[in-house]
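Examining the three-dimensional arrangement
Chain by chain, the residues:
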Amino acid sequence: MVVLEEHLSFHTGSLQASRPTYAGFMRSVRVSLGDRSYSILVGPGLLSQLGDRCLALGLGARCGVITDETVAPLFAEQAVVALRGAGFSPVLIRVPSGETSKSLKVVGTCYDRLAAHRLERKSFIVALGGGVVGDLAGFVASTYLRGMAFVQVPTTLLAQVDSSVGGKVGVNLKAGKNLVGAFHQPKLVLCDLDSLNTLPPREFQSGLGEVIKYGIIYDAGLFRRLERDLPKILRRDPMALAATIARCCAIKAAVVSQDENESGLRAILNYGHTIGHALEAISGYGEYLHGEAISMGQVAASHLSARLVGLDSKSVERIRNLFVAAGLPVSVSLTRRQRERLVAAMRLDKKVSGGQIKFVLARRIGEVIWGQNVPETALQEALDLVCP
Ligand code: NAD
Ligand code: GLY
């Protein structure tokens, strides 16, 4: 059985009494999309407010809480207690942890559980977990009963700064990553800083790969603050984390609000992803975490940027150094055959248009351009530096 589902009978309220309040840390970011606008809240202790926040949104009485087997023992009780305390009837659906759960098979099992518990169109889904759970649960919400509301409760750094925001939901096919999906915006995103305390260091660093990306694509000031404050962030200092996560969410919100369906500007969020996704693909989606793969991809993209759009060599060095300081890989040793497979995988990327691979390139730190064609020789030279 791929998916386990259960009713829980925890006692309401017991978890809230022990929770300290850090009101000053709370940040709020708005994603402006007309009647699909929503808030992203960043702060400690937010999971215990899940029920009240859903109540304030006027969501239906029943809900499915989709989570994974790692996150469930850590946070499912708190989520269910909070929902029950506000009068909701939650049903917990657990899926195996990891990328393999982003599959149509697991989607089907989730539908079956929702049907068995008679969730209605006014019911809603809570995605409690990392980007895998968010993408899967969001896709289930976008399609079950032709679409129902959902709330994102991201529990990894990567999901808090990126995947929970912007409404891209979907699953993988054997042929490639995220090939089936939809744009379906959540009603609310709750980034509880406390949930990051249990995140393994490698997963935390993977999230930093996306954090650094925001500095490169949009905000030179953020990049400088990261250079300065990285030790605090690596120590998971709550104040530094709250400010950083909120800034990343604000950048993503600004981009998505202008170009929800990626007809232009939104492509900048894919900086470093063409090479990064190809690396993930040729290594079977197991060897490198997403943030690690796009770290190498972003370093390669910075070399391409220097060659093609004038990024200065000092900036190339600063970009590389920041990924290194974050504990992320900046090069990978590939055989000739693997390198050929890497380039072939790039050609299968969703961002290929008219047979041409389209790149996002940086003119300077904080400013990128998208839709760039890259000559084969320039690509091979950049790969020589990153994939020797
Ligand atoms: P993940 O969801 O697999 O989480 C990483 C691991 O950490 C998992 O084993 C998970 O069980 C565990 N975990 C989660 N929260 C935890 C916690 N608080 N404490 C301890 N362990 C915890 O991976 P991810 O890095 O969060 O997300 C990667 C996925 O996100 C990929 O599938 C990627 O394609 C997708 N993504 C989507 C978007 C988007 O816009 N939709 C953007 C970027 C990435
Ligand atoms: N993570 C890329 C996007 O949301 O567009």
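Quick look at the structure, then.

Reading the values: the criteria
Residues numbered from 1 in each chain as written. Chains lettered and ligands numbered in written order. Predicted model: local features only at pLDDT ≥ 70, side-chain atom pairs only at ≥ 80, totals over all residues. Heavy atoms only, no water. Patch = residues over 30% accessible without salt bridge, like charges linked within 9 Å, V, L, I, M, F, W, Y side chains within 5 Å. Areas by Shrake-Rupley, 256 points an atom, 1.4 Å probe, with all protein chains shown as cover. Salt bridge = Lys/Arg side-chain N within 4 Å of Asp/Glu carboxyl O. Buried < 20%, exposed > 50% of the residue type's maximum accessible area, 1.4 Å probe, protein only. Pairing = 2+ DSSP bridges. Helix = DSSP H or I, 4+ residues; strand = E, 2+ residues; numbered from the N terminus. Near = heavy atom within 4 Å. Polar contact = N/O pair within 3.5 Å; in protein donor to acceptor, adjacent residues only side chain to side chain. Nonpolar A, V, L, I, M, F, W, Y, C, P; charged D, E, K, R; others polar. Axes fitted to C-alpha atoms, helices over the stretch in contact; angles between N-to-C directions. Left-handed = near helix turned anticlockwise from the far one by under 90°. Contact = heavy atoms within 4.5 Å.

1. Brief notes about a nonpolar patch on the surface
- Side chains of Leu104, Leu173 and Leu179 sit close together on the surface and give an oily, nonpolar patch of about 240 Å² of accessible area.
- Using a relative accessible area of 39% as the deciding quantity, one classes leucine 179 as partly exposed.

2. A short note on the pairing of strand E2 (residues 27-31)
- Alignment of E2 against strand E3 (residues 38-43), held across five bridges, turns out to be antiparallel. Paired with arginine 30 across the two strands is serine 39, which belongs to E3.
- The hairpin formed by E2 and E3 contains six residues between the paired strands, and glycine 34 there has a positive phi angle of roughly 60°.

3. A closer look at the site of ligand 1
- By nearness alone, 26 residues border ligand 1, and Asp68, Glu99, Gly131, Thr155 and Thr156 come closest of all.
- Glutamate 99 is positioned with one of its side-chain polar atoms (N or O) 2.7 Å from an oxygen atom of ligand 1.
- The separation between an oxygen atom of ligand 1 and a polar main-chain atom of glycine 131 is 2.8 Å.
- Starting from 870 Å² of accessible surface for ligand 1 in isolation, the protein chains cover 90%.
- Partitioned by chemical class, the residues of the shell around ligand 1 number seven nonpolar, ten polar and nine charged.

4. Structural notes on the packing of helix H6 (residues 201-218) against helix H10 (residues 290-309)
- At their nearest, the axes of H6 and H10 sit 7 Å apart, and the two run at 40° to each other. Crossing geometry of H6 relative to H10 is assigned as left-handed. Of the residues in H10, those in contact with Arg202, Ser206, Gly209, Glu210, Ile212, Lys213 and Ile216 of H6 are His290, Gly291, Glu292, Ile294 and Gln298.
- A per-class count over the contact of H6 with H10 returns three nonpolar, five polar and four charged.

5. Quick word on helix H9 (residues 273-282)
- For H9, the tally of buried residues reaches nine of ten residues, placing the bulk of the element in the interior.
- Looking at the buried positions of H9, the neighbouring elements they touch are strand E9 (176-183), H6, H10, helix H12 (336-347), strand E11 (358-364) and helix H13 (376-386).
- Backbone geometry just downstream of H9 places glycine 284 in the positive-phi region, at approximately 70°.

6. Some thoughts on the site of ligand 2
- In the region of ligand 2, the neighbouring residues are Asp162, Lys168, Lys252, Glu262, Arg266, Leu269 and Asn270.
- Here a nitrogen atom of ligand 2 sits 3.3 Å away from a polar atom, N or O, in the side chain of aspartate 162.
- At 2.9 Å from an oxygen atom of ligand 2 is found a side-chain nitrogen or oxygen belonging to lysine 168.
- Against a free-state accessible area of 200 Å², the protein chains account for coverage of 87% of ligand 2.

7. Concerning the pattern of salt bridges
- Taken as a whole and judged by the stated rule, the model has 21 salt bridges.
- Put simply, lysine 102 and glutamate 99 hold a salt bridge, and the shortest N to O gap is 3.8 Å.
- Its relative accessible area of 4% is what places lysine 102 among the buried residues.
- Look at glutamate 99 and you get partly exposed, because its relative accessible area is 25%.
- The salt bridge partner of glutamate 280 is lysine 177, with a shortest N-O separation of 3.9 Å. Of this pair, glutamate 280 sits in helix H9 while lysine 177 sits in strand E9; the two residues are 103 residues apart in sequence, bridging distant segments of the chain.
- Here the salt bridges share partners, and the residues they tie into one network are Glu99, Lys102, Asp135, Lys177 and Glu280.

8. Some words on the side chain of serine 206
- Inspection of the secondary structure puts serine 206 in helix H6.
- For serine 206, the side chain forms a polar contact with the main-chain nitrogen of glycine 291, separated by 3.0 Å.
- Filtering out sequence-adjacent residues up to four positions away, serine 206 remains in contact with Leu158, Leu289, His290, Gly291, Glu292 and Leu328.

9. Considering the environment of glutamate 120
- Secondary-structure assignment places glutamate 120 in the loop between helix H3 (104-116) and strand E6 (124-129).
- Glutamate 120 sits in the partly exposed class, given a relative accessible area of 48%.
- Taking C-alpha positions, glutamate 120 is 8.4 Å from glycine 60, a pair spaced 60 residues apart along the chain.
- Apart from the residues lying within four places of it in its own chain, the contact partners of glutamate 120 are Leu145 and Met148.

10. Brief notes about the environment of alanine 56
- Take alanine 56: it is sitting in helix H1 (residues 50-56).
- Along the chain, alanine 56 and alanine 86 lie 30 residues apart, while their C-alpha atoms are 9.9 Å from each other.

11. Considering unusual backbone geometry
- Of note in the backbone geometry, leucine 145 takes a positive phi value of approximately 55° without being a glycine.
- Relative to the elements of secondary structure, leucine 145 occurs in the loop between helix H4 (131-143) and strand E7 (149-154).
- Non-glycine residue asparagine 178 carries a positive phi angle of around 55°.
- Counting through the fold element by element, asparagine 178 comes out in strand E9.

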